[in-house]
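Chain residues, written in single-letter form:
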Amino acid sequence: MVDLPWSAMRLTLVVPCFNEADGISRFHETVGRELAGTGASYEIIYVDDGSTDGTFDELVKIATVDPTVRYLSFSRNFGKESAMLAGLRHSSGDAVIVMDADLQHPPELIPRLVELHGRGFDQVIARRTRSGDPATRTLLARAYYRLINHWADVELVDGVGDFRLLSRRAVDGLLELGENNRFSKGLFAWIGFDSVIFEYENVQRENGGSRWSFRKLFEYGLDGLLSFNNKPLRVAIYIGMMLTLVAVVYAIWVIVVAATQGVEMPGYVTLIAAITGLGGLQMMMLGLIGEYIGRIYYETKQRPHYLVKDTNLTPRD
Ligand code: UDP
Ligand code: MG
């Protein structure tokens, strides 16, 4: 696979799109030029993630003039993770490049990705700098990565996103992970294989803001923390043990004081603080356990990751 000359290699580009009508044709032009420049044969799979702005019509238009284009349209918005999964499933290339549709992943880097793959890397990862990002977002991201790398079973790198090239066996590896809750950063890290990271200058989005709201991003972050470890549950046990110990010590102290100095009036403030504090803590831990059970619940349903409304993929694709 790796020994193939570029001209004998087949590339698949997977592009999740959600409300990208404004920029998609420009994206397609740019990307087509870069792909043609590599000398490899290629296909581009656009996955329309339930857009409401005419992205689908644009894709159909592009596909009618360009035979390398495959498209797939979801019945509603299922999220970028599902869109990537659909693209990977239908990819036929010896190597697959996953890329955003908003030109924030510079198409000029495609030759670089292919070249590094040619040197034997199964995952070639483009890592963005954080220049131009709002300071608060950068800070939050840093703190988050510190936290997640402390907890999670996989190692995540700040600035590393979904923009990468995957070899066929890496893609096949990813497709074997059937979980419903797909935290792709974690999944990419989980499969392993020889990886290389190179850096590129951050690019700001041109058409509108990020398609991620703060809430979506927060939930995504929480997903990451919970999907790849069960340490929070263990922390709950530790906290419980610690509190029990404190309670026992406190009880002994009260008994000793009562025995030596007579019975004291209890302090209501301490009592109320203890009740509410412990109640809050218990609710939090219950919520945490509930979160894991919720995940089990969703996984056991074995629902499909997405439903397809329209596509030009033929069964043999
Ligand atoms: N996207 C998607 N489904 C979603 C949200 C986003 O397919 O629900 C696509 C979007 O069209 C883009 C990529 O995922 O191609 C990254 O989205 P965006 O640029 O909004 O995210 P950011 O660059 O802020 O991470
Ligand atoms: Mg973007």
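Here the structure is shown first, and the text comes after it.
A. View of the pairing of strand β3 (residues 69-74). Where burial is concerned, most of β3 is hidden: 6 out of the 6 residues are buried. Of the two faces of β3, the one holding V69, Y71 and S73 and the one holding R70, L72 and F74 are both buried throughout. Examined bridge by bridge, strand β2 (residues 41-48) and β3 share 5 bridges and lie parallel to one another. Looking at β3, one finds that V47 is bridged to L72. Note that the unit made of β2, helix α2 (residues 55-65) and β3 has a crossover that is right-handed. One ladder, built from 3 bridges, connects β3 with strand β8 (residues 308-311); its direction is antiparallel. For L72, the partnering residue across the bridge sits in β8 and is T311.

B. Region of interest: the packing of helix α6 (residues 168-176) against helix α7 (residues 184-191). It is the contact of α6 with α7, at a shortest axis distance of 10 Å, that shows an interaxial angle of 120 degrees. When the interaxial angle is binned, α6 and α7 end up oblique. By crossing handedness, the relation of α6 to α7 is classed as right-handed. Where α6 abuts α7, its residues A170, G173 and L174 lie against L187, F188 and I191. Partitioned by chemical class, the residues of the contact of α6 with α7 number 5 nonpolar, 1 polar and no charged.

C. Focus on a nonpolar patch on the surface. On the surface, L140, F214, F218 and L222 cluster together into a nonpolar patch covering about 450 Å² of accessible area. Position of L222 relative to the elements: it lies in helix α8 (residues 214-227). Given a relative accessible area of 37%, L222 falls into the partly exposed group.

D. View of the packing of aromatic side chains. Applying the stated criterion across every chain, the model contains 8 aromatic pairs. Ring geometry for F163 versus Y200: centroids 5.8 Å apart, planes at 80 degrees, classification edge-to-face. Separated by 37 residues along the polypeptide, F163 in strand β6 (residues 160-167) and Y200 in strand β7 (residues 195-200) bring together distant segments of the chain. Y200 shares its class with F163; the two are buried. Against the face of F78 rests R76, its NZ or CZ located 3.8 Å from the ring centre. One Lys or Arg, R112, reaches over the ring of F198 and ends 4.5 Å from the middle of that ring.

E. Looking closely at the nonpolar core. One finds L11, L13, Y46 and I97 to be the most contacted residues of the largest nonpolar core, which totals 35 residues. Filtering out sequence-adjacent residues up to four positions away, L11 remains in contact with L35, T38, A40, S41, Y42, E43, G93, A95, I97, V114 and L165. With 23 residues, the next largest nonpolar core counts V14, M84, L88 and L187 among its residues.

F. Local environment of the coordination of the magnesium ion (ligand 2). Coordination of the magnesium ion (ligand 2) by the protein involves D102 (OD) and Q104 (OE1), with metal-donor separations of 1.8 to 1.9 Å. According to the relative accessible area criterion, D102 is buried, its value standing at 11%. By relative accessible area, which is 22% here, Q104 ends up partly exposed.

Criteria and thresholds
- Residues numbered from 1 in each chain as written.
- Chains lettered and ligands numbered in written order.
- Predicted model: local features only at pLDDT ≥ 70, side-chain atom pairs only at ≥ 80, totals over all residues.
- Heavy atoms only, no water.
- Buried < 20%, exposed > 50% of the residue type's maximum accessible area, 1.4 Å probe, protein only.
- Helix = DSSP H or I, 4+ residues; strand = E, 2+ residues; numbered from the N terminus.
- Pairing = 2+ DSSP bridges.
- Right-handed = clockwise from strand over helix to strand, strands pointing away.
- Axes fitted to C-alpha atoms, helices over the stretch in contact; angles between N-to-C directions.
- Parallel < 35°, antiparallel > 145°, perpendicular 65-115°, else oblique.
- Left-handed = near helix turned anticlockwise from the far one by under 90°.
- Contact = heavy atoms within 4.5 Å.
- Nonpolar A, V, L, I, M, F, W, Y, C, P; charged D, E, K, R; others polar.
- Patch = residues over 30% accessible without salt bridge, like charges linked within 9 Å, V, L, I, M, F, W, Y side chains within 5 Å.
- Areas by Shrake-Rupley, 256 points an atom, 1.4 Å probe, with all protein chains shown as cover.
- Salt bridge = Lys/Arg side-chain N within 4 Å of Asp/Glu carboxyl O.
- Phe/Tyr/Trp six-rings, centres within 6.5 Å; stacked < 30°, edge-to-face > 60°.
- Lys NZ or Arg CZ within 6 Å of the ring centre and 35° of its normal.
- Core = buried A, V, L, I, M, F, W, Y, C linked by side-chain atoms within 4.5 Å.
- Donors = N, O, S within 2.8 Å, 3.2 Å for Na, K, Ca; no water.

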